[in-house]
Amino acid sequence: MPTAVVALALAAGAAAPAAVAKERPFRASLSGTTVSLVGGDARRCPEVTEVTGEEEVPIWVTTLEGTGWASHLGRVEVWNEYCVNGVGEYGDGVLKLTAANGDVLEGTFSGGVSAWPDSEGWSDFRDEYTFTSGGTGRFATASGSGAETGSINVVTREWTLEITGTLDYGRG
């Protein structure tokens, strides 16, 4: 009899397994151009004002657009916007990756650090990203995190970006 109870308990456990992490590896390779560089509006970049403690700071709101490839999405269009304080750091930003079928994966990034441009205008950068619920389609409840590294040319306005980390679709 005790053997039957153990076998029944094992069978019940197999039918209802413990929650399994749904995180999957995520990678993206993106490139494009800087389409907008607007200066001076501290209201769009409150985190830069908080860091410097100044009412008015010489900042830029930068908008990038491009294309590339991302795991779980395939070919994508990318849009992001972030604030720059002009001293080797940049503020929080937003990232949107749109798949060919229209599903959108949204995220934010922060903690950005960039190098002074080299003689050809290229500046390397890195930051941390977080995917947040608020996307559309299969990414409506997605989450994840990781690192972004890339380069932006302040002369030609070209940029490249590599993203590595995790993605969780958020479905049970």
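Before any of the text, the structure's been laid out above.
Owing to the predicted nature of the structure, the values given are computational and were not obtained by experimental measurement. (Residues numbered from 1 in each chain as written. Predicted model: local features only at pLDDT ≥ 70, side-chain atom pairs only at ≥ 80, totals over all residues. Heavy atoms only, no water.)

Draft legend 1. Fine view of the overall build of the chain. On a plain count of helices and strands, the chain comes out with 2 helices and 8 strands. Each helix (α) and strand (β) of the chain, taken in turn from the N terminus, gives the series α-β-α-β-β-β-β-β-β-β. For the chain, contacts bridging at least 24 residues in sequence account for 53% of all contacts bridging at least 6. A total of about 9700 Å² of accessible surface is found on the chain, and carbon and sulfur atoms cover 58% of it. (Helix = DSSP H or I, 4+ residues; strand = E, 2+ residues; numbered from the N terminus. Contact = heavy atoms within 4.5 Å. Areas by Shrake-Rupley, 256 points an atom, 1.4 Å probe, with all protein chains shown as cover.)

Draft legend 2. Spatial organisation of the environment of Leu-167. If you trace the backbone, Leu-167 turns up in strand β8 (residues 158–167). Leu-167 sits in the buried class, given a relative accessible area of 0%. Along the backbone, Leu-167 and Ser-143 are 24 residues apart, and their C-alpha atoms lie at a distance of 5.8 Å. Setting aside its immediate chain neighbours within four residues, Leu-167 contacts Lys-22, Glu-23, Arg-24, Phe-26, His-72, Leu-105, Phe-131, Phe-139, Ala-142, Ser-143 and Gly-144. (Buried < 20%, exposed > 50% of the residue type's maximum accessible area, 1.4 Å probe, protein only.)

Draft legend 3. Structural context of the nonpolar core. In this structure, Phe-26, Leu-30, Leu-73, Leu-97, Leu-105, Ile-163 and Leu-167 are the most contacted members of the largest nonpolar core, which totals 27 residues. Every element with two or more residues in this core is listed here: β1 (24–39), β2 (60–70), β3 (74–84), β4 (89–99), β5 (104–114), β6 (122–131) and β8. (Core = buried A, V, L, I, M, F, W, Y, C linked by side-chain atoms within 4.5 Å.)

Draft legend 4. Local environment of unusual backbone geometry. Not every positive phi belongs to a glycine, and His-72 is a case in point at roughly 75°. Note that His-72 resides in the loop between β2 and β3. Here His-72 falls in the partly exposed class, since its relative accessible area comes to 26%. Backbone geometry places Arg-157, a non-glycine residue, at a positive phi of 70°. Mapped onto the fold, Arg-157 is located in the loop between β7 (144–153) and β8.

Draft legend 5. Just the pattern of salt bridges, in detail. Applying the stated criterion across every chain, the model contains 1 salt bridge. The residue Arg-138 makes a salt bridge to Asp-103 at a minimum N-O spacing of 2.8 Å. With Arg-138 in the loop between β6 and β7 and Asp-103 in the loop between β4 and β5, this pair connects stretches of sequence that are 35 residues apart. Residue classification places Asp-103 among the buried positions, given a relative accessible area of 12%. (Salt bridge = Lys/Arg side-chain N within 4 Å of Asp/Glu carboxyl O.)

Draft legend 6. The side chain of Thr-62, seen in detail. Examined against the element boundaries, Thr-62 turns out to sit in strand β2. Non-local contacts of Thr-62, meaning those with residues more than four positions away in its chain, are made with Thr-34, Ser-36, Leu-37, Asn-80, Glu-81, Tyr-82 and Val-84.

Draft legend 7. Local environment of the environment of Asn-153. Looking at the secondary structure, you find Asn-153 in strand β7. For Asn-153, a relative accessible area of 2% corresponds to the buried category. Once residues lying within four places of it in the same chain are set aside, the contact partners of Asn-153 are Glu-120, Gly-121, Trp-122 and Glu-158.

Draft legend 8. Quick look at the pairing of β3. As paired strands, β2 and β3 are joined by 11 bridges and run antiparallel to one another. Counterpart to Thr-63 in the pairing with β3 is Glu-81. From the end of β2 to the start of β3, which pair antiparallel, there are 3 residues, and His-72 there has a positive phi angle of about 75°. (Pairing = 2+ DSSP bridges.)

Draft legend 9. Examining the side chain of Ser-71 more closely. Mapped onto the secondary structure, Ser-71 falls in the loop between β2 and β3. Residue classification places Ser-71 among the buried residues on the basis of a relative accessible area of 13%. Those residues within four positions of Ser-71 in sequence are excluded, and the remaining contacts are Pro-25, Phe-26 and Arg-27.

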